[in-house]
Amino acid sequence: MKRLGASVAKLLWRVLALMLVALGLLGVFLPVLPTVPFLLAAAWAGGHGWPALEQWLVGHPRYGKYIRQWREGGCVPRRAKWAASWMMIFSSAVLLATNAHIAVKIGAPLLMAVVAVWLWRRPEP
């Protein structure tokens, strides 16, 4: 019975890793969707159920260095910090122009501000 549970867990980790890789791939083509955070999460999920995928992501010629930098010290490049910050500002402005509930119009930008502060406190490579 334990073997079946382990097999199911491994399958679920693999499905999660594939979904995250797919979202990261979408991010390559859609500028509003970040690529690297999804690949970071995919490498993490792959490490739990698909070591070959994890190694492929860590060794990827374009995105692997960002995964390694994150793992080695939680580093985020300054360019990524600026891109994320501008997207959060843009998203907040668009949200304010919608008919969303006032709690959403206040809460979402506040949450993004907290994320921005956290992000800018991360070390840079």
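Small disclaimer: the values here were computed from a predicted structure and weren't measured.

The next point concerns the overall build of the protein. Helix and strand counts for the protein stand at six helices and zero strands. Mapped from its N terminus to its C terminus, the protein presents α and β elements in the order α-α-α-α-α-α. Its C-alpha radius of gyration of 17 Å places the protein more than 25% over the 14 Å reference for a compact globule of 125 residues. Taking the principal axes of the C-alpha coordinates as reference, the protein spans close to 50 × 35 × 25 Å. In the protein, buried positions account for 27% of the 125 residues. The contacts in the protein between residues at least 6 apart in sequence include a share of 59% that link residues at least 24 apart. Accessible area for the protein stands at about 8,700 Å²; split by element, carbon and sulfur atoms hold 72% of it.

Attention shifts here to the pattern of salt bridges. Going through the model one piece at a time under the given rule, you end up with three salt bridges. Linking Glu124 and Arg78 is a salt bridge whose minimum nitrogen-to-oxygen distance equals 3.1 Å. Here Arg78 lies in helix H5 (residues 78-96) and Glu124 lies in the segment after helix H6 (102-120), a separation of 46 residues in the sequence. Lys81 serves as the salt-bridge partner of Glu124, at 3.2 Å between the closest nitrogen and oxygen. On the criterion of sequence distance, the pair formed by Glu124 in the segment after H6 and Lys81 in helix H5 is long-range, its members being 43 residues apart. Residue class for Glu124 comes out partly exposed when judged on its relative accessible area of 31%. You can call Lys81 buried: its relative accessible area is 1%. Through salt bridges that share partners, Arg78, Lys81 and Glu124 make up one connected network.

The next thing to look at is the packing of H5 against H6. Interaxial distance between H5 and H6 falls to 10 Å at its minimum, and their mutual angle equals 175 degrees. As far as their axial angle goes, H6 and H5 are roughly antiparallel. Counted together, Arg78, Lys81, Trp82, Ala84, Ser85, Met88, Ser91, Ser92, Leu95 and Leu96 of H5 and Val104, Lys105, Ala108, Pro109, Met112, Val115, Ala116, Leu119 and Trp120 of H6 form the full contact between these two elements.

This brings us to H6. Between its terminal C-alpha atoms H6 stretches 27 Å, which fits the 27 Å expected from 19 residues at 1.5 Å a residue. Listed in full, the buried residues belonging to H6 are Lys105, Met112, Ala116 and Leu119. When H6 is viewed along its axis, its buried side chains cluster within an angular range of 65 degrees and face the same direction. Turned more than 90 degrees off the buried face of H6, the exposed positions are Ile102, Leu110, Leu111, Val114 and Val117. Buried positions along H6 lie against H5.

Moving on to the nonpolar core. Counting 13 residues, the largest nonpolar core has Leu20, Val21, Leu39, Ala42, Leu53, Leu57 and Ile67 as the members making the most contacts within it. Put simply, the parts of the chain that give this core at least two residues each are helix H1 (2-29), helix H2 (36-49) and helix H3 (51-58). Discounting chain neighbours no more than four positions away, the residues touching Leu53 are Ala17 and Val21.

About the cut-offs
- Residues numbered from 1 in each chain as written.
- Predicted model: local features only at pLDDT ≥ 70, side-chain atom pairs only at ≥ 80, totals over all residues.
- Heavy atoms only, no water.
- Helix = DSSP H or I, 4+ residues; strand = E, 2+ residues; numbered from the N terminus.
- Rg over C-alpha atoms; globule rule 2.2 N^0.38 Å.
- Buried < 20%, exposed > 50% of the residue type's maximum accessible area, 1.4 Å probe, protein only.
- Contact = heavy atoms within 4.5 Å.
- Areas by Shrake-Rupley, 256 points an atom, 1.4 Å probe, with all protein chains shown as cover.
- Salt bridge = Lys/Arg side-chain N within 4 Å of Asp/Glu carboxyl O.
- Axes fitted to C-alpha atoms, helices over the stretch in contact; angles between N-to-C directions.
- Parallel < 35°, antiparallel > 145°, perpendicular 65-115°, else oblique.
- Expected span 1.5 Å × (residues − 1).
- Arc of directions from axis to C-beta.
- Core = buried A, V, L, I, M, F, W, Y, C linked by side-chain atoms within 4.5 Å.

Distances and angles like these do not, on their own, reveal function.
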